[in-house]
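# Descriptive analysis of the structure
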Amino acid sequence: MKYQQHNVSPNNFEQCLKCTICTVYCPVVPVNPNYPGPKQAGPDGERYRLKKGDFYDEALKYCLNCKRCEVACPSNVRIGDIIQSARIKYSKQPTPLRDNILSDTDLAGKMATKMSPLVNFMLKQPLVKTVMDLTIGVDKHRTFPKYAKRTFVKWFKHDALPYQKDFSRQVTYFHGCYVNYNHPKLGKDFVKVMNAVGIGVQLMENERCCGVAKIANRLTRQAMRDAQINLGAIRKAVIEQGTQVVGTSSTCIFTMRDEYHHILHLDNNDVRSQINLATRYLWNLIEKGEITLVFKPDYKKRIAYHTPCHMAKLGWNIYSIELIRKIPGVDLTILKSECCGIAGTYGFKKENYKYSQAIGSALFEQIEELKPEIVATDCETCKWQIEMSVKTPIEVYNPISIIAEALDVEATKKSNNV
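Residues numbered from 1 in each chain as written. Predicted model: local features only at pLDDT ≥ 70, side-chain atom pairs only at ≥ 80, totals over all residues. Heavy atoms only, no water.

### Considering a nonpolar patch on the surface
The grouping of Met115, Leu118, Phe121 and Met122 at the surface amounts to a nonpolar patch, some 380 Å² of accessible area in total. By secondary structure assignment, the location of Phe121 is in helix α7 (residues 116-123). (Patch = residues over 30% accessible without salt bridge, like charges linked within 9 Å, V, L, I, M, F, W, Y side chains within 5 Å. Areas by Shrake-Rupley, 256 points an atom, 1.4 Å probe, with all protein chains shown as cover. Salt bridge = Lys/Arg side-chain N within 4 Å of Asp/Glu carboxyl O. Helix = DSSP H or I, 4+ residues; strand = E, 2+ residues; numbered from the N terminus.)

This is the structure in structure tokens:
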């Protein structure tokens, strides 16, 4: 298997018009006076850094990598990529133990699921939270997501795999660490929906974490290793098996499509178009008239949809929104586009906690005023942030889980001749 690593940076800072629109849309600038803003941290700073690396400013660590600056940029400058690449190349700060722990989701998940009742009990204890706050710098206000007793992969191989090849159409599922170790139900919901429309599900061989946390914490060697393994498995699924690779996490899909190339400089052009988000995959099949979804007539919910920042960068929130709108009994409100502030591991760090909460405050207020029964979002860390931060307890679902819950499975199977 060949992987091409580019020596030339794809960052296009010379296209910056100095219009400052990126700074206006940056969620960090209004809450953190120490952050110079995306224009200065990105294109402007890059001109100096290329002359002399000493011009690098450690304040770039406050960038969320939310890509809102890139969404707003009229010249399509990859501002977030410029900032993240500069952090990787020029920062002289050692990566602390905390960042290594938070980034190695596969290792943490494998260990925690073996004794999940004990781990879950310990992680919610105030004393344990205080100790982590004082020793490694994980903020005491944070609560880690619970670990499952049984991983999604174990469930799939035992309960679902035997009958997947009964379906003529197949898809390869990138489940990600969260589904595997923390929330297998989302993976089960994905299988339920796919099977109901006549699509079998296969798993990627030797799937690794997408690498987003490692990239954010400058652990590029480990991120590169995982990315190369994933790309090899994606190529096998796409080129050899003729299936699309589909995921339920907007950030995982964004990372494999864009960050692998833009940040890790791995050539994924041969398979990039075949890495897809579940809601987009389903919507395209519905639009082509190839599948039909039939929903329960008595399913009634008031749902508010939050667009994750990386979903906005992909430009794919419309697929999740329109799929939820297809459910007759749903009263759907689209929340104003606001960053939730957690940015994966960023919001778990003690030094970032107050900024994380300040960034997300407008979103939390929207939800508290609206009081929906469910918030829908395609990003698992957005889910954690909303559930931890909104004063009124609220459940946050992935759109696929909402579809699975509302789906009339037997009627859908009949409509699709399954």
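### Regarding the sheet that holds strand β6 (residues 330-334)
Either a parallel or an antiparallel arrangement is found when strands of a sheet pair, and the pairing is made through backbone hydrogen bonds. The sheet built from four strands is open, its strands ordered β6-β5-β7-β8 with parallel pairing. With one partner strand each, in any of the chains shown, β6 and β8 (395-397) form the two edges of the open sheet. On average, each strand axis in the sheet is tilted by 30° relative to the strand beside it, whichever way the strands run. As paired strands, strand β5 (residues 301-305) and β6 are joined by five bridges and run parallel to one another. (Pairing = 2+ DSSP bridges. Axes fitted to C-alpha atoms, helices over the stretch in contact; angles between N-to-C directions.)

### Concerning empty space enclosed by the protein
Taken as a whole and judged by the stated rule, the model has three cavities of 30 Å³ or more. In this structure, the largest cavity occupies an estimated 120 Å³ of space. Around the largest cavity sit 17 residues that line it, and Tyr178, Leu186, Glu380, Lys383 and Asn398 are the ones nearest its centre. Among the secondary structure elements, those contributing two or more residues to the lining of the largest cavity are α10 (176-182), α19 (380-389) and β8. Examining the composition of the lining of the largest cavity, we find that three residues originate from one element, α10, more than from any other. Each residue belonging to the lining of the largest cavity can be placed in one class, and the counts come to six nonpolar, eight polar and three charged. In this structure, the second largest cavity spans a volume of roughly 100 Å³. (1 Å grid on protein atoms, 1.4 Å probe; cavity = no way out; pocket = protein on both sides within 12 Å on 5 of 7 lines; lining within 4 Å. Points joined across faces, edges and corners; volume = space filled by probe spheres on them. Nonpolar A, V, L, I, M, F, W, Y, C, P; charged D, E, K, R; others polar.)

### Let's talk about the pairing of strand β2 (residues 199-203)
Burial analysis of β2 places four of its five residues in the buried class, which makes it a mostly covered element. Relative to β2, strand β1 (residues 169-174) runs parallel, the two sharing five bridges. Paired with Tyr173 across the two strands is Leu203, which belongs to β2. (Buried < 20%, exposed > 50% of the residue type's maximum accessible area, 1.4 Å probe, protein only.)

### Focus: the packing of helix α18 (residues 353-370) against α19
At a minimum axis distance of 10 Å, the contact between α18 and α19 shows a crossing angle of 75°. Judged by the angle between their axes, α18 and α19 are roughly perpendicular. Contacts from Ser356, Gln357, Leu363, Phe364, Ile367 and Glu368 in α18 reach Gln385, Ile386 and Ser389 in α19. The class makeup of the residues in the contact of α18 with α19 is four nonpolar, four polar and one charged. (Parallel < 35°, antiparallel > 145°, perpendicular 65-115°, else oblique. Contact = heavy atoms within 4.5 Å.)

### Some words on the confidence of the model for the chain
Confidence in the prediction of the chain, expressed as mean pLDDT, is 94, and 97% of residues score 70 or more. Note that pLDDT drops below 50 for residues 1-9; the model gives that stretch 17 contacts with residues more than four away or on any other chain. (pLDDT = per-residue confidence, 0-100.)

### Some words on the packing of aromatic side chains
Counted by the stated rule, this structure contains eleven aromatic pairs. Ring geometry for Phe348 against Trp384: centres 6.2 Å apart, planes inclined by 85°, an arrangement best described as edge-to-face. Of this pair, Phe348 sits in the loop between β6 and α18 while Trp384 sits in helix α19, and the two are 36 residues apart along the sequence. The exposure classification of Phe348 matches that of Trp384, with both residues buried. Among the aromatic side chains, those forming a connected cluster through ring pairs are Phe152, Trp155, Phe156, Tyr173 and Phe190. (Phe/Tyr/Trp six-rings, centres within 6.5 Å; stacked < 30°, edge-to-face > 60°.)

### Things to note about helix α2 (residues 38-49)
In terms of residue burial, α2 counts as a mostly covered element, since nine of its twelve residues are buried. Of the positions making up α2, those classed as buried are Pro38, Lys39, Ala41, Gly42, Pro43, Asp44, Gly45, Glu46 and Arg49.

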